[in-house]
Amino acid sequence: MTPRLRRQIVAVALFLLLWQGLVWLIYRGSSEGHLLPSPFEVLAAAKELIASGELARHTTQSLLRVLIGLAIAIGLAVPLGLVIGWFPAARDMGEVLIDTFRPIPPLAWIPLAVLWFGLSPASAIFIIVVGGFFPTLVSTVAGVRGVDRGLLEAAYTLGSLGSIDLFRRVVLPAALPSIMTGVRISAGLAWMSVVAAEMIAIDSGLGYMILNARQIFRPDIVVTGMAVIGVIGYAMDRFLFWCEQRIFSWRRSGRAEATI
Amino acid sequence: MVKLRVSNATKVFNVNGTTVEALRDISFDVEDKQFVSIIGRSGCGKTTLLRVVAGLEAASGGKVLLQKEGRLTEIVSPGPDRGMVFQEHYLFPWRTARRNIEFGLESKGATAERRAQIADGYLKLVHLDGFGDRYPSELSGGMRQRVAIARALATDPEVLLLDEPFASLDALTRMKFQDELLRIWQLTRKTIVLVTHNIDDAVYLSDRIVVLKPHPGEIREVIDYASPRPRSRSSADFVEMVARLESLIGVHQADDDRRLT
């Protein structure tokens, strides 16, 4: 076990202990009607939800929406970002629009989404697209703008003259680390957006599960839902980070300092 | 036979509305298989001159001509017929050494098999066999510079252009690298144009030395130096040539200072 992993386990254990302590302090042994459920009650609720298949159903719904939404967002943001990053005219035009749209939170789009798509998964997916679009767009633009001029010149002198060839062999790979970072941020935002959208626009998914649990007065289910959202978000980020490390292994350095 | 001819080349930059004359009326020839150095103090436009030859900057006036298929052809854009080694080497960091060397061959449409074969050959030439699968971040500065040379040579250019390739090397490594470059030059029988501010580089390596003076960049003198190789740094003609270049480049500093005061 690495020291890092050990510390992480300690942190989680400490948090659970604190939580349990707080519950114990507030309720002093009374066992009914806790508005703040204890970790054990949450665990029990989770077991119940797993047994009934409800948790799996809602989780798959949410994940599926995020995957679809994120795919659309990335599919739109990357090509657009490449164009805006590359052509100065497109950059001047694009930047003012991006910087105006970006501060509008995905939540603010929900009323429009409901008007356009009704109370349907399409609404949720729309919100995810909006949430996931901008981080990838902005970092794609930054990635393209950040391509070292010297690399382009090197490519010119090596016979790469067509702009498509230059894009494929130089601009895209050079910008890819920045794009990947954007995708990671997008995934996080998309995941947050899906929960919000499901609370308002549809009747399935983790967001819906939480909201519904409030209405039937089950705070243990609310917290279970929150915990699942947190854990999945964490896992998603770790997974994408791991992908980044794998794809961009060329960025690690210092394997050999040999003589000339 | 003339391999490369720079004929009345001028370069004027426009910086915030004011024009800066970087090169004025530069003319010189590079013979086939010759090793030519362009030397001068910083600000003399030597890198600009090399970039004009590479086609990365367009000359404001005059011409650069390259011997291709039996006749002198004007150069207007960059191309793999002039291999360029940049001071910062500019290797593609996401490609291994081998795949960097293959870049220009991909442009030419060579098959994977042929590319691998050629890359192997050049890795051997620069003494990096066994390092082909390393990324630039995993190589030392000198090794990166050698990959850059191999990459520039892989497309079999008419001339090899080198922009201060020794700039980041310490004195001992520099001398080693000079010999390495000589060996590569003798093995590949290429025409080489080297830009440097180091007199020892120029005298140790060159058949012809183009001395530039700054503000604007103009030719001070073109010197042919026919001393046989390997050259001894303590030989009389070497010392004499160093002194001559020192005075050509250094005297000018006094001129400059006088003009400024």
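What counts and what doesn't
Residues numbered from 1 in each chain as written. Chains lettered and ligands numbered in written order. Predicted model: local features only at pLDDT ≥ 70, side-chain atom pairs only at ≥ 80, totals over all residues. Heavy atoms only, no water. Helix = DSSP H or I, 4+ residues; strand = E, 2+ residues; numbered from the N terminus. Rg over C-alpha atoms; globule rule 2.2 N^0.38 Å. Buried < 20%, exposed > 50% of the residue type's maximum accessible area, 1.4 Å probe, protein only. Pairing = 2+ DSSP bridges. Axes fitted to C-alpha atoms, helices over the stretch in contact; angles between N-to-C directions. Contact = heavy atoms within 4.5 Å. Buried area = accessible area lost by both parts, 1.4 Å probe. Salt bridge = Lys/Arg side-chain N within 4 Å of Asp/Glu carboxyl O. pLDDT = per-residue confidence, 0-100. Patch = residues over 30% accessible without salt bridge, like charges linked within 9 Å, V, L, I, M, F, W, Y side chains within 5 Å. Areas by Shrake-Rupley, 256 points an atom, 1.4 Å probe, with all protein chains shown as cover. Domains from an automatic or database assignment. Polar contact = N/O pair within 3.5 Å; in protein donor to acceptor, adjacent residues only side chain to side chain. Nonpolar A, V, L, I, M, F, W, Y, C, P; charged D, E, K, R; others polar. Phe/Tyr/Trp six-rings, centres within 6.5 Å; stacked < 30°, edge-to-face > 60°. Lys NZ or Arg CZ within 6 Å of the ring centre and 35° of its normal.

Trainee: A description of the overall build of chain B should follow, citing residues and the corresponding values.
Mentor: Along chain B, the regular secondary structure elements total seven helices and ten strands. What you see for chain B is a C-alpha radius of gyration of 19 Å, in line with the 18 Å of a compact globule of 261 residues. Seen through its C-alpha atoms, chain B measures out along the principal axes to roughly 60 × 45 × 40 Å. Looking at chain B residue by residue over its 261 residues, the buried ones come to 55%.

Trainee: Got a sec to walk through the sheet that holds strand E2 (residues 18-31) of chain B? Specific residues and values, please.
Mentor: All names here are of chain B. Taken in spatial order, the four strands line up as E2-E1-E4-E5 in an open sheet, and their pairing is antiparallel. Single-partner strands in this sheet number two, and they are E2 and strand E5 (71-74). Across the sheet, the axes of successive neighbouring strands diverge by a mean angle of 25°, strand direction being ignored. Here strand E1 (residues 2-15) runs beside strand E4 (residues 61-68); their pairing, made up of five bridges, is antiparallel. When the sheet's bridge partners are listed, arginine 5 is paired in E4 with leucine 65. Contacting E1, E2 and E4, helix H1 (residues 46-54) runs over the sheet at an angle of about 65° to E2.

Trainee: Talk me through the pairing of strand E9 (residues 208-213) of chain B; I want residue IDs and the actual numbers.
Mentor: Residues and elements named next belong to chain B. In terms of residue burial, E9 counts as a mostly covered element, since six of its six residues are buried. Of the two faces of E9, both are covered, the one formed by Arg208, Val210 and Leu212 as well as the one formed by Ile209, Val211 and Lys213. The pairing of strand E3 (residues 35-39) with E9 spans four bridges and is classified as parallel. Bridged to valine 36 within E9 is arginine 208. Strand direction decides the pairing type here: E9 and strand E10 (residues 218-224), joined by six bridges, are antiparallel. Note on E10: the bridge partner recorded for valine 211 is glutamate 221. The turn joining E9 and E10, which pair antiparallel and follow one another in sequence, is formed by four residues; a positive phi near 55° is taken by histidine 215.

Trainee: Quick rundown of the interface of chain B and chain A? Include the residues and the values.
Mentor: Across the contact, 31 residues belong to chain B and 28 residues belong to chain A. Of all residues in chain B, Tyr90, Trp94 and Glu138 of chain B give up the largest surface area on contact with chain A, accounting jointly for 24% of the area buried on that side. Here glutamate 106 of chain B ties to arginine 169 of chain A by a salt bridge, and the two come within 2.9 Å at their closest N and O atoms. Put simply, the parts of the chain that give the side of chain B that touches chain A at least two residues each are strand E6 (82-85), helix H2 (97-108), helix H4 (141-154) and helix H5 (171-188) of chain B.

Trainee: I'd like a description of the sheet that holds E6 of chain B, backed by residues and values.
Mentor: In a beta sheet, neighbouring strands are held together by backbone hydrogen bonds and run either parallel or antiparallel to one another. All names here are of chain B. Read from one edge to the other, the open sheet built from six strands follows the order E6-E7-E8-E3-E9-E10, with strand pairing classed as mixed. In the strand order of this sheet, the two ends are held by E6 and E10, each with one partner. Direction aside, the axes of adjacent strands within the sheet are offset by 15° on average. Where H1 meets the sheet, it contacts E3, E6, strand E7 (159-163), strand E8 (191-196) and E9, and its direction lies at approximately 150° from that of E7.

Trainee: Break down the confidence of the model for chain B for me, with residues and values.
Mentor: Residue and element names in this part refer to chain B. This prediction gives chain B a mean pLDDT of 92; 96% of its residues lie at or above 70. Mean pLDDT across the elements of chain B bottoms out in helix H7 (residues 236-260) (76) and peaks in E3 (97). On the interface metric, ipTM, the complex scores 0.90, and its pTM is 0.84.

Trainee: Any chance you could break down a nonpolar patch on the surface for me, citing the residues and the numbers?
Mentor: All names here are of chain A. There is a patch of nonpolar side chains on the surface, built from Leu22, Trp24, Leu25 and Ile26 and spanning about 440 Å² of accessible area. In this fold, isoleucine 26 is placed in helix H1 (residues 3-27). Judged by its relative accessible area of 48%, isoleucine 26 falls in the partly exposed class.

Trainee: Report on the domain arrangement of chain B, specifying residues and quantitative values.
Mentor: All names here are of chain B. The domains assigned to chain B are domain 1 (1-81 + 158-261) and domain 2 (90-156). Placing the centre of domain 1 and that of domain 2 at their C-alpha centroids yields a distance of 26 Å. Buried surface at the junction of domain 1 and domain 2, summed over both partners, amounts to about 1100 Å²; 70% is from carbon and sulfur atoms. The tally of links between domain 1 and domain 2 comes to two salt bridges. Residues arginine 146 and glutamate 180 are paired through a salt bridge, measuring 3.2 Å at the closest nitrogen-oxygen approach. Counting across the domain 1 and domain 2 interface gives six residue pairs in polar contact (both at pLDDT 80 or more). Elements with a minimum of two residues in the side of domain 1 that touches domain 2: E7 and H5. A per-element tally of the side of domain 1 that touches domain 2 places H5 first, with seven residues. Its residues placed into classes, the side of domain 1 that touches domain 2 shows nine nonpolar, one polar and four charged.

Trainee: Describe the packing of aromatic side chains, listing the residues and the values that go with them.
Mentor: Overall, the coordinates contain 16 aromatic pairs over all chains when judged by the stated rule. The interplanar angle of 85° and the centroid separation of 6.5 Å between the aromatic rings of tryptophan 116 of chain A and phenylalanine 117 of chain A together place this pair among those described as edge-to-face. Since its relative accessible area comes to 38%, phenylalanine 117 of chain A is described here as partly exposed. Three or more aromatic residues link up through ring pairs in this structure, and these residues are Phe101, Trp109, Trp116, Phe117 and Phe126 of chain A. Cation over ring: arginine 151 of chain B sits above phenylalanine 92 of chain B, and NZ or CZ is 4.9 Å from the ring centre.

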